[in-house]
Amino acid sequence: SGGHCQLLKCLGAGRFSFLGGTLDDALGEAYDKAARLLRLAAPTGGGPALEKIALQGDSRAVELPVPMRHRKDCDFSYAGLKNAFRLRVDELRATFPNLQDDEPLPDQISADLAASFQ
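Presented here is a report on the structure given in the accompanying data block. Computed from a predicted structure; not experimentally measured.

**Some points on the overall build of the chain**
Looking only at helices and strands, the chain features four helices and two strands. From first element to last, N terminus to C terminus, the chain shows the α and β order β-β-α-α-α-α. Referenced to the eigenvectors of the C-alpha coordinate spread, the extents of the chain come out at roughly 60 × 30 × 20 Å. Looking at the chain as a whole, 34% of its 118 residues qualify as buried. Sequence-distant contacts, at least 24 apart, represent 57% of the contacts inside the chain between residues at least 6 apart. Within the structure as shown, the chain displays about 7,500 Å² of accessible surface, and the carbon and sulfur contribution to it stands at 52%. Side-chain charges of the chain comprise 14 positive and 16 negative groups, with the mean position of each set lying 7 Å from the other.

**Focus: the environment of Asp-101**
Its place among the elements puts Asp-101 in the loop between helix 3 (79–93) and helix 4 (107–117). Leave out the neighbours within four places in its chain, and Asp-101 touches Arg-39 and Arg-93.

The rules behind these values
- Residues numbered from 1 in each chain as written.
- Predicted model: local features only at pLDDT ≥ 70, side-chain atom pairs only at ≥ 80, totals over all residues.
- Heavy atoms only, no water.
- Helix = DSSP H or I, 4+ residues; strand = E, 2+ residues; numbered from the N terminus.
- Buried < 20%, exposed > 50% of the residue type's maximum accessible area, 1.4 Å probe, protein only.
- Contact = heavy atoms within 4.5 Å.
- Areas by Shrake-Rupley, 256 points an atom, 1.4 Å probe, with all protein chains shown as cover.
- Lys, Arg positive; Asp, Glu negative; His and termini not counted.
- Charge placed at Lys NZ, Arg CZ, Asp CG, Glu CD.

Put into structure tokens, the structure is as follows:
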């Protein structure tokens, strides 16, 4: 679903300046994990599956951290966001005691989570 990313500034033919990159998990890995946590079918990767349900969600419904918001460089990290998302999904799943492990959360909750993650 995606490897690590780099931000490069093109200085000329074959000349680049490194501005930043992923420090831990790749973005595609984070999207795949989020889709799995929401029990979404994601045959083409977590990104398309999340996008599809996020369109019905409220991106402000679930508070999630913005990784590395206060850093002055262009590096990015998704491990903390992935963990915060997992904790929030676990917390919400606990409010539905009859929900089986393989069952998704109610549609609107899943949509709100997906929109907030994006």
